[in-house]
Amino acid sequence: MPDGIAWVKHVHFGAAGPLQTSEYESIQQKARSIAEKAHELAYDPNYMSPFAQFACDNGLNVRGGKPDDITVLLSIVAEYTD
């Protein structure tokens, strides 16, 4: 599983919670909430992000995230019924 996917599953599904509706405003708010949490954790010196884990696995002593590399992609998958 790519690091970003693991990070989103690990950090945000519980913290961000489910969408309230499938309206644009609800989706936008959820994406903003995820991005804000990612930004907060990127500067947290105690957070062991996937980026920090990879760095440590390669001999670097790094904590936190990459504040210059935060992207949120949110999609809704729904079953279409007639």
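The rules behind the values
Residues numbered from 1 in each chain as written. Predicted model: local features only at pLDDT ≥ 70, side-chain atom pairs only at ≥ 80, totals over all residues. Heavy atoms only, no water. Helix = DSSP H or I, 4+ residues; strand = E, 2+ residues; numbered from the N terminus. Buried < 20%, exposed > 50% of the residue type's maximum accessible area, 1.4 Å probe, protein only. Contact = heavy atoms within 4.5 Å. Areas by Shrake-Rupley, 256 points an atom, 1.4 Å probe, with all protein chains shown as cover. Salt bridge = Lys/Arg side-chain N within 4 Å of Asp/Glu carboxyl O.

In the nomenclature of an unreviewed UniProt entry, the chain corresponds to Protein phosphatase PTC7 from the organism Sphaerodactylus townsendi.

Undergrad: What exactly am I supposed to notice about the overall build of the chain here?
TA: What the chain contains, in helices and strands, is 3 helices and 0 strands. Secondary structure elements of the chain occur, N-terminal to C-terminal, as α-α-α. Relative to its 82 residues, the chain shows a buried fraction of 22%. Of the contacts formed within the chain by residues at least 6 apart in sequence, a portion of 48% connects residues at least 24 apart. When the accessible surface of the chain is split by element, carbon and sulfur atoms take 53% of a total near 6,400 Å².

Undergrad: Got a minute to help me understand helix 3 (residues 50-57) in this structure?
TA: Because each turn of an α-helix spans 3.6 residues, side chains separated by three or four positions end up pointing in the same direction. Buried within helix 3 we find Pro50, Ala52 and Ala55. Trailing helix 3 by a residue or two, Gly59 shows a phi angle of about 85°, which is positive.

Undergrad: Please clarify how the pattern of salt bridges should be interpreted in this entry.
TA: Between side chains of opposite charge, a pair can form as their charged atoms come close. For the structure on display, the rule yields 1 salt bridge. Between Glu40 and Lys37 there is a salt bridge whose closest N-O contact spans 3.4 Å. With a gap of 3 residues between them, Glu40 and Lys37 both fall in helix 2 (residues 24-42), about one helical turn apart. Its relative accessible area of 48% is what places Glu40 among the partly exposed residues.

Undergrad: In this structure, what is going on with the side chain of Ser49? I would like to understand it.
TA: On the secondary structure map, Ser49 appears in the loop between helix 2 and helix 3. Every residue in contact with Ser49, bar those within four places of it in the chain, is listed here: Gly64 and Gly65.

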